[in-house]
Amino acid sequence: MAFMQHFCNRITSKLTRLNARSLSRANITVENDLKKSVLISQSTDIYTNLALEEWIFKNFNLEKHHILMLWKNDPCIVIGRNQNPWSEINFSDLQSLKEGGVNIARRSSSGETVYHDHGNLNLTFFTPKEKYDLKKNNQVVVKSIFREFGCSVDIGMDNHLLLGKKKQVSNNAAKLGRENAYHNISLRVQCSKINRNVALQKRDVHIQSSTKHSVPLSEMMNLCEETPDVTVSTLVKAVGWEFLRTKGISGKDGGMELANKQQGFHMVNPTEYWFPGIQEIRDKYNSWEWRYGKTPKFTIAQNFAVPTGLLHTNAGASASLKVTMTVENGRISDITIFVPQELNSLGFTGEAKVFHGLKGKKFTAQAFEDLEDSLGSLLNEKDRFFTECLKQVMTNA
Amino acid sequence: MAVVPRVLCRRFLQNFSSPRFIHTSLKVYAERLFTEKHEWVKLDGKIGTIGISDYAQEALGDVVYAQLPDVNTEIKQKEECGALESVKAASEIYSPVSGKVIEKNEAVEETPSLINTSCYDKGWLFKLELANESELKELMTETKYTEFLKTQESH
């Protein structure tokens, strides 16, 4: 709280001084009055860091004070605001990566899915909405890497940072509000490529939805592959100083003289004590309703070969069963099954029960296990095959 | 007798005088009210239809996903009530007036690009029953909004 008050007092005093001066002022004077701070989050918990990002976005007056928040996370996968976790994440192999699994989070900002660990640096630039400028922020990063490590990085057409003009080392995410805006750059420094590939490489899953897919992993690279001495901590200092010495409006270099006039570096502890209300925001990011429930409506389809034991006509002939599920708000809203003639003629009884039990349930393997338990002895061999097919649609996703 | 010459006269003006055209198009949007943050509301009794302005859709770029408030949600003026994701960023939606949502534009949820192609017509976002009509006083008419945009550009 004291920390916030300190900030607010500083801003208020700046504003009073401003009002006392002449009203007609050019951008240059505004630029001179602009203060900059670098906040370094002491948390490595993805949900807490996303909550801190939202807290600053919602509560800070950024008109005369631009902020760069630097943060890193324990291994996690972060999907974009409107992405589908089931089409982005390789759920079936996640357990092998880390004991207790890898955290899965949905951010509020746009963009693609990223894998984070301690080798990944996140930079969030907070400005008023009118000053939102992807390119300018990227230039700060490019200059800092060149100044500190002598390595040249390019800015691509869609504002990604590129090594060797084609391999992507960063991803962008951005959010615009009524007054404030932020731009997040997720920079791969020494990120585990193996873990990232396991976490994000999908087998062929037939999901249809209007959501955006992420770029192929083969197009990505780590910064350390070009500059072996780069680490996340050296980069924190380099980017922080570069941000402080860069003029807020024109983007011109103000040298160390300007950097020393700024508010400097602040280690922040994102707790309720410093940021009242942050816990509630964290709870939102950690909830099933936000992470999975916010998934845009989609359908998933899969074909299954019917075991020959279940087909007594034309032994040897193959038949397949097609399952299509519609998922809305992360819950199963509709299921259709195409039952092949061969199976149908035997008389299938469990269909209705299986369907009714699943509608409205969360799209998780647990839903199918609960269903099996409740139906228990009611299911015969054929029905079991049907539920097993439905379950596989889920677990393969 | 008097009607015929007037019709002729209007046709003559529409065909040959371009200022007349601009005037007519302004009249079409005359009942829309705008905010400084580029949202609009069009009234029909107590029901307000909400959308974003042409300036806003252009600034956003191609909208790829629209998340609109659900029916029966109570919305407060200037409070976040949904989000539009474009190729550039996720942008929050704010309502210019308070009220209860009675309909959302499902066509826009299916085809978000309607916001880019028809922001004043097919690309409307949601309809609500106004809770406080006095909030309308703060809003700008189309003419005032156009002037406001000019002052923004000069900055």
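Residues numbered from 1 in each chain as written. Chains lettered and ligands numbered in written order. Predicted model: local features only at pLDDT ≥ 70, side-chain atom pairs only at ≥ 80, totals over all residues. Heavy atoms only, no water.

Describing the overall build of chain A
Part 1: The helix and strand tally for chain A stands at 15 helices and 16 strands.
Part 2: For chain A, buried positions account for 53% of its 397 residues.
Part 3: Taking contacts inside chain A between residues at least 6 apart in sequence as the whole, the part at least 24 apart equals 75%. (Helix = DSSP H or I, 4+ residues; strand = E, 2+ residues; numbered from the N terminus. Buried < 20%, exposed > 50% of the residue type's maximum accessible area, 1.4 Å probe, protein only. Contact = heavy atoms within 4.5 Å.)

As for helix α7 (residues 193-200) of chain A
Residues and elements named next belong to chain A.
Part 1: Those residues of α7 that sit buried are Arg196, Ala199 and Leu200. The buried residues of α7 occupy an angular sector of 80 degrees when projected down its axis, which confines them to one face.
Part 2: The backbone nitrogen of Asn195 lies 3.1 Å from a side-chain oxygen of the residue at the head of α7, namely Ser192. (Arc of directions from axis to C-beta. Polar contact = N/O pair within 3.5 Å; in protein donor to acceptor, adjacent residues only side chain to side chain.)

A word on the interface of chain A and chain B
Part 1: Taken together, the contact pairs 19 residues of chain A with 13 residues of chain B.
Part 2: When chain A packs against chain B, the two sides together hide about 1600 Å² of surface, and 45% of this comes from carbon and sulfur.
Part 3: Applying the counting rule to chain A against chain B returns four salt bridges.
Part 4: A salt bridge links Glu39(B) to Arg178(A), with the nearest nitrogen and oxygen atoms 3.0 Å apart.
Part 5: Those elements that place two or more of their residues in the side of chain A that touches chain B are α3 (46-59) and β10 (170-176) of chain A.
Part 6: Ranked by residues supplied to the side of chain A that touches chain B, first place goes to β10(A) with three residues. (Buried area = accessible area lost by both parts, 1.4 Å probe. Salt bridge = Lys/Arg side-chain N within 4 Å of Asp/Glu carboxyl O.)

As for the sheet that holds strand β15 (residues 320-328) of chain A
All names here are of chain A.
Part 1: Judged by pairing direction, the sheet is antiparallel, and its four strands sit side by side in the order β12-β14-β15-β16 without closing on themselves. A strand with exactly one partner marks an edge of an open sheet, and here the two such strands are β12 (206-208) and β16 (331-338). Going across the sheet, the axis of each strand differs from the next one's by a mean of 20 degrees, ignoring polarity.
Part 2: By the bridge criterion, seven bridges tie β15 to β16 in an arrangement that is antiparallel. From the neighbouring strand, Lys322 faces β16, where its bridge partner is Phe338. (Pairing = 2+ DSSP bridges. Axes fitted to C-alpha atoms, helices over the stretch in contact; angles between N-to-C directions.)

A few points about the nonpolar core
It is characteristic of soluble globular proteins that their nonpolar side chains tend to be buried jointly.
Residue and element names in this part refer to chain A.
Part 1: One finds Ile77, Leu321, Val323, Met325 and Phe363 to be the most contacted residues of the largest nonpolar core, which totals 38 residues.
Part 2: Elements supplying a minimum of two residues to this core: β3 (76-79), α7, β14 (298-305), β15, β16 and α15 (381-396).
Part 3: Looking at this core, the element that brings in the most residues is α15, giving six residues.
Part 4: Counting 30 residues, the second largest nonpolar core, distinct from the first, contains Leu123, Ile185, Val239 and Phe243. (Core = buried A, V, L, I, M, F, W, Y, C linked by side-chain atoms within 4.5 Å.)

Here we look at the pairing of β15(A)
Residues and elements named next belong to chain A.
Part 1: As defined by bridge partners, β14 adjoins β15 across eight bridges and the pair is classed as antiparallel. Bridge pairing links Ala305 to Ser320 in β15.
Part 2: Linking β15 to β16, which pair antiparallel, is a turn of two residues; within it Asn329 sits at a positive phi near 50 degrees.

Points about empty space enclosed by the protein
Where empty space is left can be seen by rolling a probe of water-molecule size over the atoms.
Residue and element names in this part refer to chain A.
Part 1: Here the structure, examined in full by the defined rule, presents six cavities of 30 Å³ or more.
Part 2: If you add up the space inside the largest cavity, you get close to 140 Å³.
Part 3: For the largest cavity, the lining is made up of 16 residues, of which His66, Thr127, Lys136, Asn137 and Gly248 are closest to its centre.
Part 4: Within the lining of the largest cavity, the residues separate by chemical class into six nonpolar, five polar and five charged.
Part 5: Counted as a void, the second largest cavity has a volume near 80 Å³.
Part 6: Along the wall of the second largest cavity there are 16 residues; nearest its centre are Arg107, Val114, His116, Ala173 and Asn184.
Part 7: The residue inventory of the lining of the second largest cavity, partitioned by class, reads six nonpolar, seven polar and three charged. (1 Å grid on protein atoms, 1.4 Å probe; cavity = no way out; pocket = protein on both sides within 12 Å on 5 of 7 lines; lining within 4 Å. Points joined across faces, edges and corners; volume = space filled by probe spheres on them. Nonpolar A, V, L, I, M, F, W, Y, C, P; charged D, E, K, R; others polar.)

What about the layout of surface pockets?
Part 1: If you add up the space inside the second largest pocket, you get close to 710 Å³.
Part 2: Lining the second largest pocket are 24 residues, and of these Pro296(A), Lys297(A), Asn329(A), Tyr65(B) and Glu109(B) sit closest to its centre.
Part 3: When residues of the lining of the second largest pocket are traced back to their parent elements, those giving at least two are β14 of chain A together with β4 (63-67) and α4 (106-110) of chain B.
Part 4: Looking at the lining of the second largest pocket residue by residue, the classes come out as six nonpolar, nine polar and nine charged.

Points about the side chain of Gln77(B)
Part 1: Within the secondary structure layout, Gln77(B) lies in the loop between β5 (74-75) and β6 (80-86).
Part 2: Not counting the four nearest positions on each side in its chain, Gln77(B) is found in contact with Ser95(B), Pro96(B), Val97(B), Ser98(B), Glu135(B) and Glu138(B).

Brief notes about the packing of aromatic side chains
Part 1: Throughout the structure, instances matching the rule amount to 18 aromatic pairs over all chains.
Part 2: Ring geometry for Trp55(A) versus Phe60(A): centroids 6.4 Å apart, planes at 75 degrees, classification edge-to-face.
Part 3: Look at Phe34(B) and Tyr145(B): their rings are 4.3 Å apart centre to centre, the planes differ by 10 degrees, and that puts the pair in the stacked class. A residue pair is termed long-range when its members are at least 10 positions apart, and Phe34(B) in strand β1 (residues 32-34) and Tyr145(B) in helix α6 (residues 142-153) qualify at 111 residues. (Phe/Tyr/Trp six-rings, centres within 6.5 Å; stacked < 30°, edge-to-face > 60°.)

Digging into the UniProt feature "modified residue: N6-lipoyllysine" (unreviewed entry) in chain B
All names here are of chain B.
Part 1: Here, the residues flagged by UniProt with the feature "modified residue: N6-lipoyllysine" (unreviewed entry) are Lys88.
Part 2: Relative to the helices and strands, Lys88 resides in the loop between β6 and β7 (90-94).
Part 3: In terms of polar contacts, Lys88 uses its side chain to reach the backbone carbonyl oxygen of Ala59, at 3.2 Å. (UniProt positions renumbered as here; feature names shortened; annotations may be inferred.)

Examining the packing of helix α6 (residues 134-149) of chain A against helix α8 (residues 232-245) of chain A
Residues and elements named next belong to chain A.
Part 1: With their axes 9 Å apart at the nearest point, α6 and α8 run at an angle of 120 degrees to one another. As the angle between them shows, α6 and α8 are arranged oblique. Here α6 runs over α8; the crossing is right-handed. Here Val140, Lys143, Ser144, Ile145, Arg147, Glu148 and Phe149 of α6 lie close against α8, whose contacting residues are Thr234, Leu235, Ala238, Val239, Glu242, Phe243 and Arg245.
Part 2: Tallied by class, the residues present in the contact of α6 with α8 amount to seven nonpolar, two polar and five charged. (Parallel < 35°, antiparallel > 145°, perpendicular 65-115°, else oblique. Left-handed = near helix turned anticlockwise from the far one by under 90°.)

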